[in-house]
Amino acid sequence: MTKKQPTSRTIDHWPALDQCLWKAATEKATFLEPDGNASHWADATKLQVKKGYGKWIFHLEQEKILPRTSNRSPSDRLNEKSLRTYLKRLEEQDLASQTIVSRLTDLSEAIRVMEPGSDISLLKSLIGNLQKRATPSRKKHARIQAPEKIWHACLTFMEQSIEEISSPNINQSSRYRDAMALGLLCQRPLRRRNISGLILGKHLKMDQGHWRCHITGTETKDRTPLSFYLPQTEPFGRVFNHYLTVIRQRLLRTPASRIEMLSALEGPLWISTRGKLVSDHAFYYSINRISEELLGAPLNPHLLRDCAASALSSDAPKYILAAGRILGHSTLNTTLSHYEQSSMIAAGEHLAATLENLQEQALKRGTPSTNPFDLPFQTYRVT
């Protein structure tokens, strides 16, 4: 197997000045000193930006700009030539246009927090121009599905499993777990890191017979705590209780639990086939796998948040501001982008219904169809 060529440099290979600036920007300050500009960032955000900056350092080395300019500030290395060659390098890696924008945004954010007040207008201008031309690698609106449809598919699968499998094996238990996770995620669209890391007795506790979830601000991306109840419908309670008392216990290799012992359960909510906490990445692939099995198309955790936002903005637009809080969006613009997504879907459905109505009227009149689509409309109807 051919070894993959590196495209980045870890922080210990950065110039000493850059390392010091990054450390100062991302760490909490000591007594009487202000916190770093990126000290409030979530660990995942810090890691992403750090990796992105490492790719810039790699590029500077390849272009022989480093170590010649190691003692210069990061912003001093930004010029039209260095950015042109960096953009060319990214394009030669066959990256999607959105990914290239993301790489440059990571670079911009790194320099912004490392050198507050520095002039990065040239870089910002480049990002803005690329964003206007960038095209999504996949047509997201075509993959949006209604949360009700997703939940119904999960519920049907789990109820059938309860009825037909009295003593599930590990593989059957893991599929039930995945359906339960998908069913919960489509109704409570948490970020993947938060939902995959839910702990019974810590985040999830019984409150007057209902499961209440509380996630502290230190664990959320926007540093704002989240508190809500899990769905309180009878079908959800039935399949969720079965997961806790039978399926989860089977994955833990322990005997089934009794309903009256639910409030005493502790530990990770999602258990792997090895009897341990399901990792963040494993959770991602499990959701993709079970959604493709039940719905015919993979729905990753982030896309499920789009499904929820689109449904809320389409079915209850007056709650668009609430959607932003539920999804943890830091700005209204992020939420409105989902509103536009739902508008596109609604427009497609309206067009489909209109054309179908015209076809029916033509058939009643006995008028030959002049529509270029001569197949039954259901074959290509927008869904």
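Before reading further, recall that the structure is shown in the block above.
These remarks concern the structure in this document. (Residues numbered from 1 in each chain as written. Predicted model: local features only at pLDDT ≥ 70, side-chain atom pairs only at ≥ 80, totals over all residues. Heavy atoms only, no water.)

Along the protein chain, the regular secondary structure elements total 13 helices and five strands. Per-residue burial over the protein chain gives 41% buried out of 383 residues. The long-range fraction of contacts in the protein chain, counting pairs at least 24 apart against all pairs at least 6 apart in sequence, stands at 62%. When the accessible surface of the protein chain is split by element, carbon and sulfur atoms take 54% of a total near 22000 Å². (Helix = DSSP H or I, 4+ residues; strand = E, 2+ residues; numbered from the N terminus. Buried < 20%, exposed > 50% of the residue type's maximum accessible area, 1.4 Å probe, protein only. Contact = heavy atoms within 4.5 Å. Areas by Shrake-Rupley, 256 points an atom, 1.4 Å probe, with all protein chains shown as cover.)

The next subject is the environment of Pro147. Relative to the helices and strands, Pro147 is located in helix 6 (residues 147-164). In the structure, Pro147 is positioned 42 residues away from Pro189 in sequence and 9.9 Å away in space, judged by C-alpha atoms.

Helix length check: helix 5 (residues 121-133) (13 residues) gives 19 Å between terminal C-alpha atoms against 18 Å at 1.5 Å per residue, within 8%. Buried within helix 5 we find Leu123, Leu126, Ile127 and Leu130. Taken end-on, helix 5 shows its buried residues confined to a sector of 100°, consistent with a single buried face. Structurally, helix 5 contributes buried residues whose contacts are with helix 3 (80-92) and helix 4 (97-114). (Expected span 1.5 Å × (residues − 1). Arc of directions from axis to C-beta.)

Here the focus is the nonpolar core. Among the nonpolar cores identified, the biggest contains 49 residues, and Ile150, Met158, Leu244, Leu269 and Trp270 are the most heavily contacted of them. Elements with a contribution of two residues or more to this core: helix 6, helix 7 (170-187), strand 3 (210-215), strand 4 (226-229), helix 9 (234-251), helix 10 (280-295) and helix 11 (301-315). Among the elements that make up this core, the one with the highest residue count is helix 7 (nine residues). Non-local contacts of Trp270, meaning those with residues more than four positions away in its chain, are made with Arg177, Met180, Ala181, Leu184, Ile195, Ser196, Tyr243, Lys276, Leu277, Val278 and Phe283. Membership of the second largest hydrophobic core comes to 31 residues, among which are Trp14, Ile57, Ile65 and Leu123. (Core = buried A, V, L, I, M, F, W, Y, C linked by side-chain atoms within 4.5 Å.)

This structure, assessed with the given rule, holds zero disulfides. We note that Cys186 lacks a disulfide partner, and the nearest cysteine sulfur, in Cys154, lies 5.8 Å from it. Residue classification places Cys186 among the buried residues on the basis of a relative accessible area of 4%. (Disulfide = S-S within 2.5 Å.)

Taking 1.5 Å as the rise per residue, helix 4 with 18 residues should run 26 Å; its terminal C-alpha atoms sit 26 Å apart, in good agreement. Burial in helix 4 covers these residues: Ile100, Val101, Arg103, Leu104, Asp106, Leu107, Ser108, Ala110, Ile111, Val113 and Met114. Buried residues belonging to helix 4 abut helix 1 (16-26), helix 2 (43-62), helix 3 and helix 5.

What follows covers the environment of Glu80. Mapped onto the elements of the fold, Glu80 is located in helix 3. By relative accessible area, which is 48% here, Glu80 ends up partly exposed. With 42 residues separating them in the primary sequence, Glu80 and Leu122 have C-alpha atoms 7.6 Å apart.

Moving on, we come to the side chain of His59. Inspection of the secondary structure assignment puts His59 in helix 2. Accessibility expressed as a relative area gives 0% for His59, which makes it buried. Once residues lying within four places of it in the same chain are set aside, the contact partners of His59 are Ser82, Thr85, Tyr86 and Arg89.

All right, on to the side chain of Gln145 then. Mapped onto the elements of the fold, Gln145 is located in the loop between helix 5 and helix 6. Judged by its relative accessible area of 12%, Gln145 is buried. Reaching out from Gln145, the side chain makes a polar contact with the side chain of Lys149 at a distance of 3.3 Å. Leaving out residues up to four positions away in the same chain, Gln145 has contacts with Ile150, Leu295, Ala297, Leu299 and Cys307. (Polar contact = N/O pair within 3.5 Å; in protein donor to acceptor, adjacent residues only side chain to side chain.)

Helix 5 packs onto helix 3 with a crossing angle of 35° between their chain directions and a minimal axis gap of 10 Å. For the pair helix 3 and helix 5, the sense of crossing is right-handed. Residue-level inspection shows Glu80, Leu83 and Leu87 of helix 3 in contact with helix 5, the latter providing Leu122, Leu123, Leu126 and Leu130. Per-class residue counts for the contact of helix 3 with helix 5 are six nonpolar, no polar and one charged. (Axes fitted to C-alpha atoms, helices over the stretch in contact; angles between N-to-C directions. Left-handed = near helix turned anticlockwise from the far one by under 90°. Nonpolar A, V, L, I, M, F, W, Y, C, P; charged D, E, K, R; others polar.)

This part takes up the pattern of salt bridges. Tallied over the full model, the rule gives 14 salt bridges. In this structure, Asp18 and Arg77 form a salt bridge, with 2.9 Å as the shortest nitrogen-oxygen distance. Of this pair, Asp18 sits in helix 1 while Arg77 sits in the loop between helix 2 and helix 3; the two residues are 59 residues apart in sequence, bridging distant segments of the chain. For Arg77, a relative accessible area of 2% puts it in the buried group. Between Lys28 and Asp35 there is a salt bridge, with the nearest N and O atoms lying 3.7 Å from each other. Look at the salt bridges and you will find they share partners, linking Glu159, Glu234 and Arg238 into a network. (Salt bridge = Lys/Arg side-chain N within 4 Å of Asp/Glu carboxyl O.)

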